[in-house]
Each structure stands twice: as C-alpha cells, then as structure tokens.
Amino acid sequence: MTTECVEATFSSTGDEEPPPPRRGGHQVLFLVTPSRSNGSRRLAAGIATLDPPGRPVPARRPQTNLATRAFRKAFYAEVADREWNDWRWQTRHRLRTLEQLDRMLVLAPEERQALVEGGAMLPVGITPYYMSLISRTDSQQPLRRTVVPTTAEFQRAPGEADDPLGEDGHSPVPGLVHRYPDRVLLLAHDFCSTYCRYCTRSRVVGHGEIVPNEKRLQMAFEYIRQTPEIRDVLISGGDPLALAEDRLDWILSSLRAIPHVEFVRIGTKMPAVLPQRITPQLVRMLRKYHPLWMSLHFTHPDECTPECYTACTRLADAGIPLGSQTVLLKGINDNVETMKQLVHKLLLMRVRPYYLYQCDPISGSAHFRTSVSKGLEIIEGLRGHTTGYAVPSYVIDAPGGGGKIPLQPGYVVGREGDDLLLRNYEGQTYRYPDPVG
C-alpha cells in the first residue's frame, strides 16, 4: 500500500476554533518590558486581564514565530491562514522530493546525493510548518539534520541492524510487539507527517507495510483480549495522530472495551512537527478515554514554538499527562546547555522530560550516535543544577529485545563499614548509614 493510499484514510475534522474568551474579569492597561531607542527610554504597553479582579493574568502569547512568518511570505504567500493552520492541508503538502527541497534549501552535496540515490531507504517527508523552522543555508542546523537525508545514511557501521531492538521477534501478530510482561506496543500504521532520519523503525515506516485496516487491528485486539496480563497498551507507529479522528476513536474504544486494559498511551511527534493537528475536536475525542497518557517526541529547543505551546496546552488542559522522549543525537542536542534549554521549555509547556534515549544502532545511524559517556555527562550536568522534574531518565534500549536499561552517573562511590559513601552533584562525598546484613 502506498503512502498516498495511507493518506486517504484521513478524514475531515472541523475548522480550528479560537480559544474561548476569559470570563468574569476585566482588562487594565499595564507596562511591559522597558526598552531604549535612540537614547530615550520607552515603555511598551499591553493588556492584561484581572481574573478574578486584582490578580493579573499574563499577556497572551504570540500565535506563531517569526521564522514561520518569513518562510510563509517567501514560499507560501498565496496560502491563507485557514489552509496553513489546517493539519490536512499541511499533510497533503509535505515536502518529499529533490525538486521541492532544492527550491527551499541550499542543498549540501551530501544532501543532494542522498535525495537522488535514496531508493528504498526511509522516505523523505517534512511538513511545510516544520520546514519553516529549518535553516535555508546551514546544512548543520540541528533541526535540518534530523529530517533532511545525507549520504551518511548509506554507511552501515558494525553492530548496526535494520531491527536492532528485535521487535519483529517479539511480534505475536502483525503490528503488535509484546516484549514486557504487562504491556504491548500497538503499531497503528506506518505513516508519519515528518520522518526523522534516525527512526528506529525506518525498516518499515513510510513504506505502506503496516496499514490501519480493520482485519489486522482486530487480530491485535483479540491477542490482547486473550492475554489478561496485559494492562498497558502504547499506540505508536508511524504516528497515531496522523489517523483520522473516527479511526483513532475506534482504536481507543476497542482497547477500552477490554476489561484488563487499564492504561492507554499514545506516542506522537505531532506537537513538534505538525501542532495544527492538535485541534479542539481531536482533544474532545481523546478526553473520553481517560486515563490516557501521551508520550511526545522532542529533539531540540527550537521545536518549542508558540504553535507547539498551544498544542501542548490543549492536551494538558484536557487532563492528558504529557511526557517527552528525546533521542540523544551527535551535534544536535549532545551538550548540557542545549539539553537544559530543551527540558526547561518542555516544563513551561507542561511536558515532563521522561526519557533521554541513547540513539538505537539502526542501519546508517553512526553519524547520529554519541558515546554513552556523553549521555552520562549530560545527566550529571542536569542533576542538582536544575529542578528534578527537568531531569529525564537516560536509557539504552538494549539491542536484541532486552528492553530499556537505565544509566546513571556514579553517585555511589563505595562503602566504609556500615556507611555507604555517596557523591553529590558538587562532587562532595557524604555518608549514609546502611548496615550490612
């Protein structure tokens, strides 16, 4: 089944609705940030709402970012806001070919060659929105490196594999992975609006091999029904939120009808690459299925735009707990300062940094992978230097299907008699009474 056929499963949803006006308060003029121009001091004015009276509410955030505005003016000047903000329009107009990317980017030789010779590798797909965040001239810009292919993908390093996590070997029925005793991974389909070049499932994603047809999904539901120890289902793919709402609604209701399924999660990158998908209509449907959790995928602080903030706010306001899964990538987010900026922005969007993944050894990923010591260095640079909520768990998803293995810097440094010797974030040693036996 082709990607075009998969896209045909999308159906219409209602138009974007503006946020409802705040009620019960009144407005006052207030002074914002002081600035200087031509030696004179100026004060910018704004409007704040007092709700309830006497307590100011922050001014409304901008609805879009400057880079996106400039990009639209250059390449989509004729596209109305109504279309640009429609997730279906964004999906239909993804950038997928050499000709399209060549018009918008100054391609480096290794990018151009990869686009020419790509063949059966992971397809290219970038939403116009996400392309607006990408540097036109800098091929080493972090976001650009994550979605534009290079010839480095053709080089297979020792230890790499098409299915490094052994998912196929833990798949009792097509599109279902049962690795842990009490939980399963349900692959809804293999389509993403934007393809990450380091994708763990690049062997299948975007090739039309996993389609959201009823027969296959019913087989997965039946397996879950017949396996009562399964209490937790993670819906992933592909991106489940690329499905039409009626199809996703059917999947969620089918899972909720299984008595022993207590916990449903959705894995998605939509708030980062296509925040327009998080419509009020989608959120109203999702909130029917609580307890529902969502694992979001963020890579770099530049993804945390006003549009992304709006999307995460809608999900959080609907009572959906949000966690972020970030892949550690060489030259993209492999330093403490970048990671700290990312986790701080995530918390401001009410997204809890959950996992920091060591990049899986998929075929052609060596140019993305850092050393494990780099990941430990980043965790040590966060722990004690920022709020604990901002520190993710650093994990390796063990090759061959071993599951996630957490890694921590060496905070336990030894023992003296009945005392455990511990090292804190400042490098100082402390004793903790821990009698042996």
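Check the entry above for the structure.
Residues numbered from 1 in each chain as written. Predicted model: local features only at pLDDT ≥ 70, side-chain atom pairs only at ≥ 80, totals over all residues. Heavy atoms only, no water.

Visitor: Describe the overall build of the protein, naming the residues involved and giving the relevant values.
Guide: Looking only at helices and strands, the protein features 15 helices and 15 strands. The buried share of the protein, reckoned over its 437 residues, is 53%. At a minimum sequence separation of 6, the contacts of the protein that also span at least 24 residues come to 72%. (Helix = DSSP H or I, 4+ residues; strand = E, 2+ residues; numbered from the N terminus. Buried < 20%, exposed > 50% of the residue type's maximum accessible area, 1.4 Å probe, protein only. Contact = heavy atoms within 4.5 Å.)

Visitor: Can you explain the packing of aromatic side chains? Please cite residues and give values.
Guide: By the definition in use, this model includes 10 aromatic pairs. Plain terms: the ring middles of Tyr-76 and Trp-89 are 5.7 Å apart, the flat faces sit at 80 degrees to each other, and that makes the pair edge-to-face. Of this pair, Tyr-76 sits in the loop between α2 (66-75) and α3 (81-84) while Trp-89 is found in helix α4 (residues 87-92), placing the two residues 13 residues apart along the sequence. Taken individually, Tyr-76 and Trp-89 each receive the classification buried, so the pair is uniform in this respect. The residue whose ring lies beneath Arg-183 is Tyr-180, and the NZ or CZ to ring-centre distance is 4.1 Å. The ring of Trp-87 carries the charged tip of Arg-277 above its face, separated from the ring centre by 3.8 Å. (Phe/Tyr/Trp six-rings, centres within 6.5 Å; stacked < 30°, edge-to-face > 60°. Lys NZ or Arg CZ within 6 Å of the ring centre and 35° of its normal.)

Visitor: Explain the pairing of strand β5 (residues 183-187) residue by residue, including any values.
Guide: Of all 5 residues in β5, 4 are buried; the element is thus mostly enclosed. Here strand β4 (residues 176-180) runs beside β5; their pairing, made up of 3 bridges, is antiparallel. If you follow Tyr-180 over to β5, its bridge partner there is Arg-183. Connecting β4 to the next strand, β5, in antiparallel fashion are 2 residues. Alignment of β5 against strand β6 (residues 232-236), held across 5 bridges, turns out to be parallel. Bridge pairing links Arg-183 to Asp-232 in β6. (Pairing = 2+ DSSP bridges.)

Visitor: Tell me about the environment of Gly-401, and please be specific about residues and values.
Guide: Relative to the helices and strands, Gly-401 resides in the loop between β11 (393-398) and β12 (403-407). A residue is classified by how much of its surface remains accessible, and Gly-401, at 15% relative accessible area, is buried. Along the backbone, Gly-401 and Tyr-180 are 221 residues apart, and their C-alpha atoms lie at a distance of 9.7 Å. Ignoring sequence-local partners within four residues, the contact set of Gly-401 consists of Leu-165, Gly-166, His-170 and Arg-179.

Visitor: Which residues make up α2, and what values go with them?
Guide: Among all positions in α2, only Thr-68, Phe-71, Arg-72 and Phe-75 are buried. Around the axis of α2, the buried residues are gathered within 100 degrees of arc, so they sit on the same side. Turned more than 90 degrees off the buried face of α2, the exposed positions are Leu-66, Lys-73 and Ala-74. Buried residues in α2 make contact with α3, α5 (98-104), α7 (128-131) and α13 (306-317). Taking the backbone nitrogen of Ala-67 as reference, a side-chain oxygen 3.2 Å away marks Asn-65 as the first, capping residue of α2. (Arc of directions from axis to C-beta. Polar contact = N/O pair within 3.5 Å; in protein donor to acceptor, adjacent residues only side chain to side chain.)

Visitor: Could you give me a rundown of the sheet that holds strand β13 (residues 412-416), with the residues and numbers involved?
Guide: Taken together, the 3 strands give an open sheet; going across it, the order is β13-β14-β15, and neighbouring strands pair in antiparallel fashion. In the strand order of this sheet, the two ends are held by β13 and β15 (429-433), each with one partner. Between one strand and the next, the sheet's axes are offset by a mean angle of 30 degrees, whatever the strand orientation. Where β13 and strand β14 (residues 419-423) come together, 4 bridges link them in antiparallel fashion. Note on β14: the bridge partner recorded for Gly-414 is Leu-421. (Axes fitted to C-alpha atoms, helices over the stretch in contact; angles between N-to-C directions.)

Visitor: Quick rundown of the side chain of Glu-167? Include the residues and the values.
Guide: Within the secondary structure layout, Glu-167 lies in the loop between α8 (142-147) and β4. At 3.0 Å, the side chain of Glu-167 forms a polar contact with the side chain of Arg-201. Filtering out sequence-adjacent residues up to four positions away, Glu-167 remains in contact with Val-177, Arg-179, Leu-185, Arg-201 and Arg-203.

Visitor: Before we move on, could you go through the pattern of salt bridges and cite the residues and values that matter?
Guide: Counted according to the given criterion, the structure contains 23 salt bridges. A salt bridge links Lys-269 to Glu-303; the shortest N-O distance between them is 3.0 Å. With Lys-269 in the loop between β7 (263-268) and α11 (270-273) and Glu-303 in the loop between β8 (292-297) and α13, this pair connects stretches of sequence that are 34 residues apart. As far as the burial class goes, Lys-269 and Glu-303 line up, both buried. Among the ionic pairs, Arg-423 bridges to Glu-380, the shortest N-O distance being 2.5 Å. Of this pair, Arg-423 sits in strand β14 while Glu-380 sits in helix α15 (residues 372-382); the two residues are 43 residues apart in sequence, bridging distant segments of the chain. Using a relative accessible area of 26% as the deciding quantity, one classes Glu-380 as partly exposed. One connected set of salt bridges, linked through shared partners, spans Asp-182, Arg-183, Arg-231 and Glu-262. (Salt bridge = Lys/Arg side-chain N within 4 Å of Asp/Glu carboxyl O.)

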